[in-house]
Amino acid sequence: MSAEPILLERSREGRTMFLAVYDLDNLFYPTKVLTHRDDINAALASSSIACERHESFAALDPSVLESDAGLLAASSEYRTGPSTCSSVLCLAGLPAYVNPSDVVVEPEQRCADAVRWLFVRGTGQLAVTSQDSLLVMECSAGDLVALPSQARHWFRPDPGQSCVILTIAQSAEGLVRRPSGGDLASRFPGFGL
């Protein structure tokens, strides 16, 4: 890791990498917004979440990723161990003129096992609840996010983006996302950054 500070991380699409932290009692204004990779990783680590940036994966020729077979071959280094399972999550993009706060989002989900999300295409916000906070992170192609088991989460694609995400867990059962029963995803107003 470089000793020089990184002022702003830019995703492949030119968006600023950020993590916004909200109190669950106030979902309209974040208590902090972090844009430095080291600060983001420290805040995530306190919630047992990890995020890595893989520029080599982000720079792959898009034609490699057009089929599930090409995607799985390109991502083989991220799927370690004989019992590792993966699935491809495709989220259709909404029109670019849609107001982000009007987007109907998936409900809060949770997985039985720890799961890693490898972002292949598109951008959006991954929201994860942690104790009394909501962590909202901008994710784009090349981001690998590791979530602990039972983490309540949801993903909101940016308008105009079609997202492809490879989810990786130790078992097929671990990949199954089940509704958590919470309504936080529907109450979070979202934002257009």
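Residues numbered from 1 in each chain as written. Predicted model: local features only at pLDDT ≥ 70, side-chain atom pairs only at ≥ 80, totals over all residues. Heavy atoms only, no water.

Caption draft 1: View of the packing of aromatic side chains. In the structure shown here, the tally under the stated rule is five aromatic pairs. Measuring from centroid to centroid gives 6.1 Å for Trp 117 and Phe 155, while their planes differ by 55°, and the two rings are tilted. Highlighted residues: Trp 117 in strand β6 (residues 115–121) and Phe 155 in strand β10 (residues 153–157), separated in sequence by 38 residues. In textbook terms, an aromatic cluster arises when at least three aromatic residues are bridged by ring pairs, as seen for Tyr 22, Trp 154 and Phe 188. (Phe/Tyr/Trp six-rings, centres within 6.5 Å; stacked < 30°, edge-to-face > 60°. Helix = DSSP H or I, 4+ residues; strand = E, 2+ residues; numbered from the N terminus.)

Caption draft 2: Layout of the pattern of salt bridges. Taken as a whole and assessed by the stated rule, the structure comprises four salt bridges. Between Glu 108 and Arg 152 there is a salt bridge, with the nearest N and O atoms lying 2.5 Å from each other. Residue Glu 108 is found in the loop between β4 (85–91) and β5 (109–111), and its partner Arg 152 is found in the loop between β9 (143–147) and β10; the two are separated by 44 residues along the sequence. By relative accessible area, which is 27% here, Arg 152 ends up partly exposed. Note that Asp 183 and Arg 187 form a salt bridge whose closest N and O atoms lie 3.1 Å from each other. (Salt bridge = Lys/Arg side-chain N within 4 Å of Asp/Glu carboxyl O. Buried < 20%, exposed > 50% of the residue type's maximum accessible area, 1.4 Å probe, protein only.)

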